[in-house]
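One-letter residues, chain by chain:
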Amino acid sequence: MERVEQHASFGGRQEVWKHHSRVLDCEMRFGIHLPAAALQGTRCPVLYWLSGLTCTEQNFITKAGAQAHAERHGVIVVAPDTSPRGAAVADDPAYDLGQGAGFYLNATQAPWSAHYAMQDYIAEELPALVEERFAASDRRGIFGHSMGGHGALVTALRHPGRYRSVSAFSPIVAPTRVPWGRKALAAYLGPESDAWKAWDAVELVRSASERLPLLVDQGANDEFLVPQLKPELLAEACRAVGHPLTLRLQPGYDHSYYFIASFLHDHFAHHAAALSP
């Protein structure tokens, strides 16, 4: 591991690290905010943020204003990249497939299967690394935006007991039913749509063995609301099985980090309540 950035921030420290990922077989970067308590050696809970299409580890750590919230609640915040990277890693000219568009799943189809095991990276390799190298406890929460909101919901639902909290901004809740998701799932997993259901939050809620409360914020003026996001499908699925969901449609807000920054304090409070000892 090599630290490539560090900045004092709200009494803590924002850092960026790079390392070779075993499961992705490439170099990866992640941002990590270490609150003052962690810098002093206290083991703190960890929140994992998953970003959306085209993003890197930089978008959240520079645009969301998360550091002040992390310090207030005494939590470490880890923001990884959205996909494997590098000249040897398969890519596509479109913004919604390939590098920058890993969809937080484990690809089974060539050429993607050689590197695109983002679910194993997010849920297993990265937490093990963070908990080994930093003053991090095994109390974990996960949240994200858009493609990353999809990733957060799916990761929490696929791993009952691993996370104490989950939330999302503008998530792709039903990738099997929208253009972004259908394109990525067909490429990464093949044409058999039954295999796609394991990466669809709406499908996973129906058989979830753990009733982890979901908090979802969605901008009412989001240009992707109708064609790509469809939060009403998640609401219907949760109602059908009694899965706890707080879905908030925020009037006037779009898909941007202005929206995320406006309501991030509520998400930190949601996670902090669940992550407290």
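Residues numbered from 1 in each chain as written. Predicted model: local features only at pLDDT ≥ 70, side-chain atom pairs only at ≥ 80, totals over all residues. Heavy atoms only, no water.

Asks: Now, about the side chain of N106: what can you tell me, with residues and values included?
Replies: With respect to the element layout, N106 can be found in the loop between β5 (76–80) and α4 (118–133). Judged by relative accessible area, which is 18%, N106 ranks as buried. At 3.3 Å, the side chain of N106 forms a polar contact with the backbone nitrogen of Q119. A polar contact of 3.0 Å, which involves the side chain of N106, links it to the side chain of D120. Among all residues touching N106, those that are not within four sequence positions of it are Y116, A117, M118, Q119, D120, L189 and W199. (Helix = DSSP H or I, 4+ residues; strand = E, 2+ residues; numbered from the N terminus. Buried < 20%, exposed > 50% of the residue type's maximum accessible area, 1.4 Å probe, protein only. Polar contact = N/O pair within 3.5 Å; in protein donor to acceptor, adjacent residues only side chain to side chain. Contact = heavy atoms within 4.5 Å.)

Asks: How would you explain α4 if you had to name every residue and give the values?
Replies: A turn of α-helix holds 3.6 residues, and therefore any two residues three or four places apart point the same way. Along its length, α4 shows its largest kink, about 35 degrees, at E125, and proline P127 lies within four residues downstream of that point. For α4, the complete set of buried residues consists of M118, Q119, Y121, I122, A123, E125, L126, P127, L129, V130 and E131. In the core, the buried residues of α4 are packed alongside β2 (12–21), β3 (26–34), β4 (44–50), β5, β6 (136–145) and α5 (147–158). (Bend = angle between axes of the 7 residues up to and from the residue.)

Asks: Got a sec to walk through unusual backbone geometry? Specific residues and values, please.
Replies: Residues A110 and P111 are joined by a peptide bond in cis, for which omega reads 0 degrees. As for its placement among the helices and strands, P111 is situated in the loop between β5 and α4. Phi angles above zero are rare outside glycine, and S170 is one such case at about 45 degrees. Summarising the element assignment, S170 is placed in the loop between β7 (165–169) and α6 (179–189).

Asks: Any details on the packing of helix α3 (residues 66–73) against helix α10 (residues 257–275)? Residues and values, ideally.
Replies: α10 packs onto α3 with a crossing angle of 30 degrees between their chain directions and a minimal axis gap of 10 Å. Comparing the axis directions of α3 and α10 gives the class roughly parallel. In this structure, the crossing between α3 and α10 has a hand that is right-handed. On the side of α3, the interface is formed by A66, H69, A70 and H73, while α10 contributes L264, H265, F268, A269 and A272. Class assignment for the residues of the contact of α3 with α10 results in 6 nonpolar, 3 polar and no charged. (Axes fitted to C-alpha atoms, helices over the stretch in contact; angles between N-to-C directions. Parallel < 35°, antiparallel > 145°, perpendicular 65-115°, else oblique. Left-handed = near helix turned anticlockwise from the far one by under 90°. Nonpolar A, V, L, I, M, F, W, Y, C, P; charged D, E, K, R; others polar.)

Functional significance is not addressed by these values, which are geometric in nature.
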